[in-house]
Each structure stands twice: as structure tokens, then as C-alpha cells.
Amino acid sequence: MKQLRVILADDEPITLLDIKEILIEEGYKVIGECEDGVSAVNLAKILKPDLVILDIKMPVMNGIDAAKILSQERIAPVLLLTAYSSNEFIEQAGAAGVLAYLIKPVTKNCLIAACKIALKRAQEFNVLRDENLSLQDALETRKLIERAKGILEKEYLLSEENAFKKIRQISMKQNKSMKDVAKAIILSLS
């Protein structure tokens with residue numbers, strides 16, 4: 001099993017040490033530690049961790065703002081570990097893309113469970129994101145092919161079926177995707 005790599009960011013050194021010890025005992029590898037959000041984001045960009053655990057209230061940049069960057073740029077999944085339980089913080093964390101939210105003090109079991117859930121959710125989101133990109137590409141391809149077929153039908157008086165066959169033949173002959181062939185037809189004949 002792959003050892004999971006974690007970055008910790010908390011401006012309380014004792015909390016940082018406690019969390020690090022729990023993670024190491026459970027087989028996680030703490031690859032970076034810092035005391036502010038900017039450092040956490042920079043470390044994550046360089047070290048590419050499996051998970052980033054952030055406190056909310058930190059100097060320079062708070063944990064929610066750091067989580068937003070880490071999530072939007074798809075750098076790493078985020079677990080917030082904080083003393084604040086207000087609905088406002090929880091809603092901000094959710095909007096920032098945080099995958100788990102724990103209130104201090106935490107137990108070993110709660111922390112490890114939250115880490116596992118956050119990592120699992122991150123995997124699921126990645127699968128969904130990839131499927132979404134694939135579907136978007138398929139839709140774009142279909143639209144381009146339809147447009148190219150229409151051009152061939154009009155320009156060469158072909159049936160829809162023959163226009164499609166023509167695109168497919170060119171694709172196979174030139175060893176190019178039908179999407180690329182459709183784009184070329186659109187550019188050359190529009």
C-alpha cells in the first residue's frame with residue numbers, strides 16, 4: 001500500500017506536533033509543515049501531497065483562502081482542522097472545496113477517519129471530473145462532426161450518411177481523429 005503524503009499547516013506548534021505524531025503512527029508521511037496559508041499553498045504546489053490539513057485561523061493567509069486555492073487549482077484535497085464550529089466557517093469551507101472539517105481537539109480515530117473520507121471523496125471527484133471532461137470532449141466532437149457533415153452535404157451534395165462516411169474515410173486514411181478532420185473541413189470549406 002502506498003504511504004500517503006500529507007502537508008500540515010497550523011500556527012500552534014503543539015497542535016502541529018500532536019497531529020504529526022498521530023499521522024506518523026498511522027503510516028502517513030508528513031512531507032511538509034508550516035504555520036500559514038501561503039506557505040501551505042506554496043509547499044503543496046512543490047511537493048504535490050495526497051492531502052493538506054489546514055487550520056482556519058493562521059497568519060498571512062487563513063486556511064479557508066488557502067483551501068480555495070488548493071481546490072480550484074486541483075493541487076491537493078483539503079481537510080480543515082480548527083477550533084471554530086460556526087456555521088459561517090463551515091459554509092465558507094464547503095464553498096472553498098474542503099472535503100472534511102474537524103473541530104479541535106480531535107482524537108486519533110476522528111482524525112484518521114476524516115483523512116480517509118477526504119481522500120476517498122477526492123478520488124471520487126477526480127473520477128467525476130475526468131468523466132465530465134470526456135463527455136464535454138465527446139459533445140464538442142459530435143458538434144464539429146455535425147457541422148462538417150452539413151458543409152459536405154451542401155458543398156458536394158452528399159447525403160448525411162455519405163458525408164459521415166467521407167469524414168470517417170479521411171480520418172482513417174490520414175490517421176487523424178474525426179474531430180481533427182471535422183475541424184479541417186470546417187476551416188477549409190466555411
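Quick note: structure is the one above.
1. Let's talk about the overall build of the protein chain
Across its full length, the protein chain carries seven helices and five strands. The helix and strand sequence of the protein chain, counted from the amino end, reads β-α-β-α-β-α-β-α-β-α-α-α. Against the compact-globule benchmark of 16 Å for 190 residues, the protein chain has a radius of gyration of 25 Å, which places it well outside the compact range. In terms of its C-alpha atoms, the protein chain occupies a principal-axis envelope of roughly 75 × 35 × 25 Å. Each of the 190 residues in the protein chain was classed as buried or not, and the buried ones make up 38%. The long-range fraction of contacts in the protein chain, counting pairs at least 24 apart against all pairs at least 6 apart in sequence, stands at 59%. With an accessible surface of roughly 11,300 Å², the protein chain has 54% of that area assigned to carbon and sulfur atoms.

2. Focus on the sheet that holds strand β1 (residues 5-9)
Strand order across the open sheet formed by five strands is β2-β1-β3-β4-β5, with parallel pairing between neighbours. Every other strand in the sheet has two partners, leaving β2 (29-34) and β5 (100-103) as the edge strands with one partner each. In this sheet, adjacent strand axes meet at a mean angle of 20° when their direction is disregarded. With four bridges connecting them, strand β4 (residues 78-82) and β5 associate as parallel partners. The partner of leucine 81 across the bridge, within β5, is leucine 102. Where helix α2 (residues 37-47) meets the sheet, its contacts fall on β1, β2 and β3 (51-54), and the angle it forms with β2 comes to roughly 145°.

3. Some remarks on the state of the cysteines
In total, this model carries zero disulfides according to the counting rule given. Lacking any disulfide linkage, cysteine 34 is separated from the closest cysteine sulfur, that of cysteine 115, by 16 Å. The thiol of cysteine 115 is not disulfide-bonded; the next cysteine sulfur, from cysteine 110, is found 11 Å away. The class of cysteine 115 is buried, set by a relative accessible area of 0%.

4. Topic: the side chain of lysine 179
Relative to the helices and strands, lysine 179 is located in helix α7 (residues 178-189). Reaching out from lysine 179, the side chain makes a polar contact with the side chain of glutamate 140 at a distance of 3.5 Å. When near neighbours in sequence (up to four residues on either side) are disregarded, lysine 179 contacts Asp137, Glu140, Thr141 and Leu144.

5. A closer look at the pattern of salt bridges
A full pass over the atoms with the stated rule returns 13 salt bridges. The salt bridge involving aspartate 55 is made with lysine 104; its shortest N-O contact spans 3.5 Å. Linking aspartate 55 in the loop between β3 and α3 (63-72) with lysine 104 in the loop between β5 and α5 (108-156), this pair joins segments that are 49 residues apart in sequence. The pair formed by aspartate 55 and lysine 104 is uniform in burial state, with each residue classed as buried. Residues lysine 179 and glutamate 140 are paired through a salt bridge, measuring 3.5 Å at the closest nitrogen-oxygen approach. Highlighted residues: lysine 179 in helix α7 and glutamate 140 in helix α5, separated in sequence by 39 residues. Its relative accessible area of 15% is what places lysine 179 among the buried residues. Three or more residues are tied together by salt bridges with common partners; here these are Arg142, Glu146, Lys149 and Glu160.

6. A word on unusual backbone geometry
In this structure, proline 105 follows lysine 104 across a cis peptide bond, with omega equal to -10°. A positive phi is found at arginine 74, a non-glycine position, where the angle reads about 55°. With respect to the element layout, arginine 74 can be found in the loop between α3 and β4. When its relative accessible area of 44% is taken as the criterion, arginine 74 is described as partly exposed. Positive phi outside glycine occurs at leucine 157, with the angle close to 55°.

Criteria and thresholds
Residues numbered from 1 in each chain as written. Predicted model: local features only at pLDDT ≥ 70, side-chain atom pairs only at ≥ 80, totals over all residues. Heavy atoms only, no water. Helix = DSSP H or I, 4+ residues; strand = E, 2+ residues; numbered from the N terminus. Rg over C-alpha atoms; globule rule 2.2 N^0.38 Å. Buried < 20%, exposed > 50% of the residue type's maximum accessible area, 1.4 Å probe, protein only. Contact = heavy atoms within 4.5 Å. Areas by Shrake-Rupley, 256 points an atom, 1.4 Å probe, with all protein chains shown as cover. Pairing = 2+ DSSP bridges. Axes fitted to C-alpha atoms, helices over the stretch in contact; angles between N-to-C directions. Disulfide = S-S within 2.5 Å. Polar contact = N/O pair within 3.5 Å; in protein donor to acceptor, adjacent residues only side chain to side chain. Salt bridge = Lys/Arg side-chain N within 4 Å of Asp/Glu carboxyl O.

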